[in-house]
Amino acid sequence: MGIKRRKPTVIILFIALIVLILLVLSLTNKKAGLPENWIFTVGGYAVTEEEFQFYVKEQRSITTDYFFKTYGAQVDEGFWTRQYGENHETPSEYAKKSAMSALLKTKQEQLIADERGVAPYKSFDELKSDMEDENVKRTKMDDSGGTYYGLPQFDLYQYMQYLSGARWPDLVETQLKKTKMSESELQVEYASKSAEYVRIADELTATLAIAGQAKEEKVLNRLDISKEDTESLKFWESLAAASVGETVIGKYMGEDVIATLITKPEISKLKLEEVKDSILYGWAESDLRALIANTNKLKIVYNANQFSELVVN
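No experiment lies behind these values; they were computed from the predicted model shown. Residue indices follow the written sequence of each chain, beginning from 1 at its first position. Given that this is a predicted model, residues contribute local features only at a pLDDT of at least 70 and side-chain atom pairs are listed and counted only at 80 or more, while totals for whole chains, interfaces and linings are drawn from all residues. Side-chain numbers here rest on the full set of heavy atoms in the structure, without hydrogens or water.

Q: What is the right way to look at helix 8 (residues 272-293) in this model?
A: Three- or four-residue spacings in an α-helix give side chains the same orientation, since the helix completes a turn every 3.6 residues. Strands are runs of DSSP state E lasting at least two residues, helices are runs of H or I lasting at least four, and both sets are numbered from the N terminus onward. The span one expects for a helix is its residue count, reduced by one, times 1.5 Å. The first and last C-alpha atoms of helix 8 sit 30 Å apart over 22 residues, in line with the 32 Å expected at 1.5 Å per residue. Under the scheme applied here, a residue whose accessible area is under 20% of the maximum for its type counts as buried, over 50% as exposed, and between as partly exposed, the area being computed with a 1.4 Å probe on protein chains only. Within helix 8, the full set of buried residues consists of Leu272, Val275, Ile279, Leu280, Ala284, Leu288 and Ile292. Tucked into the core, helix 8 has its buried residues touching helix 3 (91-115), helix 5 (156-176) and helix 6 (183-192). By definition, residues are in contact when any of their heavy atoms lie within 4.5 Å.

Q: Even after reading the chapter, I still don't get the packing of aromatic side chains, so can you show me in this structure?
A: The way to describe two aromatic rings as a pair is by their centre distance and the angle between their planes. The rule is short: rings of Phe, Tyr and Trp, with Trp giving its six-membered ring, pair when the centres are within 6.5 Å, and they are stacked under 30 degrees, edge-to-face over 60, tilted in between. In total, this model carries 23 aromatic pairs according to the counting rule given. Between Phe67 and Tyr94, the aromatic rings sit 5.5 Å apart at their centres with planes inclined by 85°, giving edge-to-face as the arrangement. Taken together, the residues span a long stretch of sequence, with Phe67 in helix 2 (residues 49-71) and Tyr94 in helix 3 at a distance of 27 residues. The exposure class assigned to Phe67 is buried, which follows from its relative accessible area of 0%. Overall, the relative accessible area of 22% leaves Tyr94 in the partly exposed class. Two conditions define a charge sitting above a ring: the NZ of Lys or the CZ of Arg must be within 6 Å of the ring centre, and it must be within 35 degrees of the ring normal. Across from the ring centre of Phe307, 4.6 Å away, lies the NZ or CZ of Lys96, which sits over that ring. Sitting above the plane of the Tyr162 ring, Arg138 keeps its charged end 5.2 Å from the centroid.

Q: I'm lost on the side chain of Thr295 in this one. Help?
A: For Thr295, the location among the structural elements is in the loop between helix 8 and strand 9 (300-302). You can call Thr295 buried: its relative accessible area is 15%. In this view, Thr295 contacts Leu104, Lys105 and Gln108; residues no more than four positions away in its chain are not counted.

Q: Help me understand the nonpolar core, please; the structure alone is not making it clear to me.
A: As a rule of thumb, nonpolar side chains are buried together in soluble globular proteins. Each nonpolar core is a collection of buried residues, namely Ala, Val, Leu, Ile, Met, Phe, Trp, Tyr and Cys, held together in the definition by side-chain atoms within 4.5 Å. Formed by 32 residues in total, the largest nonpolar core has its most connected members in Phe40, Val42, Phe52 and Leu103. For this core, the secondary structure elements donating two or more residues are strand 1 (38-42), strand 2 (45-48), helix 2, helix 3, helix 4 (124-144) and helix 5. Sorting elements by how many residues they give to this core places helix 3 first, with six residues. If near-sequence neighbours (up to four positions away) are discounted, Leu103 is found in contact with Phe40, Val42, Val47, Phe52 and Tyr55.

Q: Would you take a moment to explain the packing of helix 2 against helix 4 for this structure?
A: Orientation of helix 2 relative to helix 4, taken along the N-to-C sense of each, is 70°, at an axis distance of 9 Å. Comparing their axes, helix 4 and helix 2 come out roughly perpendicular. Residues Glu50, Glu51 and Phe54 of helix 2 form the contact with helix 4, whose participating residues are Phe124, Asp125 and Lys128. Residue composition of the contact of helix 2 with helix 4, grouped by class: two nonpolar, no polar and four charged. Here the axes come from fitting lines to C-alpha atoms, over the contacting stretch only for helices, and the angles between their N-to-C directions go from 0 to 180 degrees. For this classification, under 35 degrees means roughly parallel, over 145 means roughly antiparallel, 65 to 115 means roughly perpendicular, and everything else is oblique. For this classification, Asp, Glu, Lys and Arg are treated as charged, while Ala, Val, Leu, Ile, Met, Phe, Trp, Tyr, Cys and Pro are nonpolar and the rest, including Gly, are polar.

Q: Is there a simple way to think about the pairing of strand 2 in this case?
A: Every other side chain in a regular strand lies on the same face of the sheet, so the side chains alternate between the two faces. We treat two strands as partners when DSSP finds at least two bridges between them. Bridging between strand 1 and strand 2 involves four bridges; their strand directions are antiparallel. Within the sheet, the bridge partner assigned to Val42 lies in strand 2 and is Tyr45. Two successive antiparallel strands, strand 1 and strand 2, enclose a turn made up of two residues, where Gly43 displays a positive phi of approximately 60°.

Q: Explain the environment of Met160 to me, please; I cannot follow it from the model alone.
A: Counting through the fold element by element, Met160 comes out in helix 5. Through-space distance from the C-alpha of Met160 to that of Thr106 is 9.1 Å; in sequence the pair is 54 residues apart. Discounting residues that sit within four places of it in the chain, Met160 has contacts with Phe54, Tyr55, Thr106 and Leu127.

Q: Quick question: what am I supposed to make of the sheet that holds strand 7 (residues 255-263) here?
A: Within a sheet, neighbouring strands are paired by backbone hydrogen bonds and run either parallel or antiparallel to one another. Ordered by their spatial adjacency, four strands build an open sheet running 5-4-7-6, and the pairing between neighbours is antiparallel. The two strands at the open ends of the sheet, each matched to only one other strand, are strand 5 (216-221) and strand 6 (247-252). The mean angle between the axes of side-by-side strands here comes to 45°, regardless of whether they run parallel or antiparallel. Bridging between strand 4 (residues 203-210) and strand 5 involves six bridges; their strand directions are antiparallel. Opposite Leu204, over in strand 5, you have Leu220 as the bridge partner.

Shape descriptors only; they carry no functional weight alone.
This is the structure:
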């Protein structure tokens, strides 16, 4: 029999299939490469005992407060494993359950951000390393007179909150593309919050006097006040909230003043078209929070009995 030669097209397709399989395996192995100290996985990503204990630590005071208020329990040597009430609750299991709930919400947000291309998923060790790098960077910026936003130094909880806050606007933007509202739903939402959809004018009229001087009628414009001048802004807002004829004492433009309101800032109702984007953003944000809170579909795989045998003490 003669040797049959495979057609070039078949060979190319076969090679492409092999490459695709290797690519899939490499992506799968990225999640499958679990550390030795993992106690369970969420969506294929490992959670170590150290990471879980981080969440337990955040729940300890909540747990002790719950058992004190519910059962009058005091924290003593046997507190964490003692059973309380008809349901035989133990503080250890309560803390574990609360910690798991908090951890899953964080994981859900991280996984959604990764899936939507907002921020790549990072392990607990990677987050700790990133936090240390960020703290070093901020120390150097302090020394050189640089500018940054937030705290000069983070602990891990603060850093994770910082990351969540930084990616939240982008996450909401991705949710806007998924959130749909009909015209009737917009109308109902607009009508239900019509009292909130108003525009307050920036001018009011008052008789104003620096302490010890005669009063003079003046128009006070909020836009004339610098954003950094918080005292003057607070004074203007207090005056705007007052009733006509009411007197307000405070600090305005660096002076101690006394003012009596003559006319309040005009209030006008905003039209639906003017607040439509705000309504949609609010709905998208609400949908996103609900999505993050609904962790029931997250796949959790436990490493033997390591999690069930874990005791908080």
